[in-house]
Structures are given as structure tokens and as C-alpha cells.
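Report on the structure
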Amino acid sequence: MGMSTSFLELKVTEQLAERLEQSGITEPTEVQKKVIPLVYEGKNVMFQSETGTGKTFAYLLPLLGRLEQHGNPSKAVKIIIATPTYELASQIKSQVQKVSGIKCALVIGGAPISRQAELLKEKPEIVIGSSARLLELIHLKKLKADKIEAFVLDETDRLLSKDLRESTEALMERLPKSVQLIGNSATVSEYTRSILQKARDGLNGTSGEQGSILLVTLPPEDILRRQIVHWAIFAERRDKIDTLRSFIHAEQPGKLLVFSGSTDQVDNIASKLRYKHIACEILSKKAGRQERKAAVDRFRSGKISILITTDLAARGLDFSGVTHVVQMDLPEETDFFIHRAGRTARAGNSGINCVIGDEYEMRRFAQLEKKLKIIVHPKILYKGTVTDPAPLDN
């Protein structure tokens, strides 16, 4: 019972501790040890921790524990959680259901709002969704904001980026002044934290200690350096998909995530792999919500071992057992590279992150190698295997 003791020391309820144990979660991670007590105390917290370190349970366990302990006879909505994607919202809901029977509703853009309004009549205590849809439901008086005690911004830096910031800030303005703000991400800029603090000050009308947001940053566990092996395979742009196909045959990956910055290219990669009888699923904004859910479910369950995606899956989504990540291009922002690579080597495992790039991308990858202090191993595909290139003669 060592696990229960350590979670119980953090004031996690016995019921939650038992459910965690049944799910094979045996002890709290470092981020959970730091954040759970602060959230229990009602502090405003912004926390940063690498991908795969247990950020979701760091805020969920204390929030669920408070709900269970204090009760909620009116069954009013007490917690809202904003996320940038449907997939992440759905994953958080699954985490709630893994450890608690507290009723939870999912509300996201692209789905009929009338159906979601009906869901809210069933009196969920937790509502998870996109900022824009949560705000819309409050405007329509379908979601009552007056009893909300905590507002979580999961993937805060994305929710406060230029394209989502307006709806996220407008949502915060509709919340009670006393609301507890909790934000998290694997990468948090000073810009993001300052925006969140201004929003908090706006709620309270004060920048006093009560409204201040505590920043909790975990020392990097160096997952990017210690648990992920980085490979670089050169390919001209026109040859990239053939190179990917050869890579798949050579490596026979247990679970492979393939990233491309272009939705059209995701479709192109999938169609060319399928033409060569390589089964795969795609995840992009162009696909309908049900298609996306089916793709995620099939990949998660292992029915399909290759998922090709835009950066939709780079943030927050937790797929267990991803052995390989292939990046078919280098994203402009370093954070996206980190988020992509971080889909492998989760929960203490190791993994391979491979960039298939042209000459320009290889030069950029060399710069990134210095910036992130990682070691990149050049590789070639030779006679059906991934191998080191022949050493240059002196």
C-alpha cells in the first residue's frame, strides 16, 4: 500500500487513491507532488512540466477530491476545463471517469449545440470543452457560470495564442470573481503567464496576493535527451513518402505517429501508404469529429499501429506505447518540435524521434540540435534496415 500512503499524504481521498491503484498508478509524479497540495488549498496555479509527466491528474485529483468531500446538492457546474482540441477534451473526460463517478459533460465546437444544451440539463458538475463553445453556452444561458469554483486552462499557451486568446479571455470575464485559475502546459512563456495574471487581476479588480498566480516549474527530466533517440534521414521533398514507407518496413514500429504541418500532405501520405497496403489512420481538422474519434480509438486500442496527423495530436494527447515518431517536416516553432517528439517515451519508456527532411530541413535540424542540446544521429536506409551512413574517408 505504499502508493496509497504517498497519495494520501497529498490529501488525495481514499476512494480516489484506490481507483488510481486499480488503474496501475502506483505513486505520484513530481509535478503531482508539487501541484496537488496547491490546488487543494485553492491557490491560482500555472504549472509547467514536460510531456508525459502526469499533468492532468495533478489538477484533477484535488478538484475531484474537493467535490467529493464538500458535496454539491444543487448539482451545479463547479469546474470548467478549456482545451484547444476535441481529442484532448475527450481524453480528460476519460481520466475523470477512470477515477470518479462525478458527472462530466463534453462541449466542443463542430457538434450540434442543441445536443450539448440537453447534456447540460443532466446536471454535470464538470464541463470540458473549447473556450468558444463554453462561452457560447454561457451566453445562451444554457451553462450557468455563477457557481463555478475552478477554471482550468489545459495547454494554456495554446489557449492564449493569437487565434484562441480572444474567446479564452472573454470566457474568463464571465466567471465569478472568486474562481480559482489553474493553467498547465509542457512549455510556458513569460508572455502566457503575464496574460493569465492580467486576466486574474481583471477578475478580482486587484493585483493583491490573493489573486496572484503561483508559477510552478519542474526541473526538466530531460526526457527529450535521456529517453528519446533522435534520428535524421535525408530525403528530397518528392522522395519523402517513399522514404517513410521504407522506414516503416525497416523498423516495423509497434506504434508510429507521423507528423506533417500540412493537412493536404497528411491525406497524401495516407493515400500513398494505403496504396502500398500499409494500414493507417489520419487525424486532421479536415476530418469530421466522429472520424477523428474513430481514428484515435483505433490507434489507442492498437487496432491500427500508424496514425498520420497534423499538430492536432502534438499537444496533450497521451497515446501509450508509441515507439516511434516521424516528423515529415520541421515545424517553425521549437515548441511544436518538442510536443511532437514528446508523444513517444512516455511513462518512463524510451522512444525514437525521426525527422525525414530535405537539405534545408537538415540544416535547421542541426541548429535545433545545438539549441535543445540533443544528439541527432544521421541515418540511412540500406538493404531494408536503418543504419549509420558509411564514414567519410579522410
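Helix and strand counts for the chain stand at 16 helices and 15 strands. Rg of the C-alpha trace for the chain: 22 Å, near the compact-globule value of 21 Å for 394 residues, within the 12% margin. Overall, the chain is about 75 × 45 × 40 Å in size when its C-alpha atoms are taken along their principal axes. Across the 394 residues of the chain, 54% fall into the buried class. Look at the contacts in the chain between residues 6 or more apart in sequence, and 72% of them connect residues 24 or more apart. About 18400 Å² of surface is accessible on the chain, with carbon and sulfur atoms providing 49% of the total. In the chain, 57 side chains carry a positive charge and 49 a negative one; their mean positions are 4 Å apart.

Now for helix H16 (residues 359–372). A rise of 1.5 Å per residue sets the reference length of H16, with its 14 residues, at 20 Å; its end C-alpha atoms lie 20 Å apart and thus fit the reference within 8%. For H16, the full list of buried residues reads Glu361, Arg364, Phe365, Leu368 and Leu372. One side of H16 holds all its buried residues, which, seen down the axis, span an arc of 105°. What points out from H16, more than 90 degrees from its buried face, is the exposed set Glu359, Gln367 and Lys370. Remark: lysine 373 follows H16 within two positions and exhibits a positive phi of approximately 55°.

Per the stated rule, a full pass over the model turns up zero disulfides. Cysteine cysteine 280 shares no disulfide, and the gap to the nearest cysteine sulfur, in cysteine 354, comes to 17 Å.

Strands sit in the order E3-E4-E2-E5-E6-E1-E7 across an open sheet of seven strands; the sheet is parallel. In this open sheet, the two strands that pair with only one neighbour each are strand E3 (104–107) and strand E7 (213–217). Taking each pair of neighbouring strands and ignoring which way they run, the sheet shows an average axis angle of 15°. Where strand E1 (residues 44–48) and strand E6 (residues 180–185) come together, four bridges link them in parallel fashion. Pairing of phenylalanine 47 across the sheet is with asparagine 184, part of E6. Against the sheet, helix H4 (residues 55–70) touches E1, strand E2 (79–82), strand E4 (126–129), strand E5 (150–154) and E6, its axis set at about 155° to E6.

The rules behind these values
Numbers given for residues are sequential positions, taken from 1 along each chain in its written order. Per-residue local features of the predicted model are confined to residues with pLDDT of at least 70, and side-chain atom pairs are confined, for both listing and counting, to 80 or more; whole-chain, interface and lining totals are unaffected and use all residues. For the side-chain quantities, the full set of heavy atoms in the structure was used; hydrogens and water were omitted. Each helix is a run of H or I in the DSSP string that is no shorter than four residues. Each strand is a run of E no shorter than two, and both are numbered from the N terminus. Here the radius of gyration uses the C-alpha set of atoms, whereas the globule reference equals 2.2 Å times the residue count to the power 0.38. The classification of residues rests on relative accessible area computed with a 1.4 Å probe and restricted to protein chains. Under 20% of the type maximum is buried, over 50% is exposed, and intermediate values are partly exposed. By definition, residues are in contact when any of their heavy atoms lie within 4.5 Å. Note that accessible areas follow from Shrake-Rupley with a 1.4 Å probe, and for residues the cover is restricted to the protein chains shown. Residues counted as positive are Lys and Arg, residues counted as negative are Asp and Glu, and His and the chain ends are not counted. One atom stands in for each charge, and that atom is NZ of Lys, CZ of Arg, CG of Asp or CD of Glu. To estimate the expected span of a helix, count its residues, drop one, and scale the result by 1.5 Å. Here the arc refers to the set of directions running from the helix axis out to each C-beta atom. Here, the term disulfide refers to a pair of cysteine sulfur atoms separated by no more than 2.5 Å. Pairing between strands requires that DSSP locate at least two bridges from one strand to the other. To obtain each axis, a line is fitted to C-alpha atoms, and for helices this fit is confined to the stretch in contact; angles are then taken between N-to-C directions over 0 to 180 degrees.

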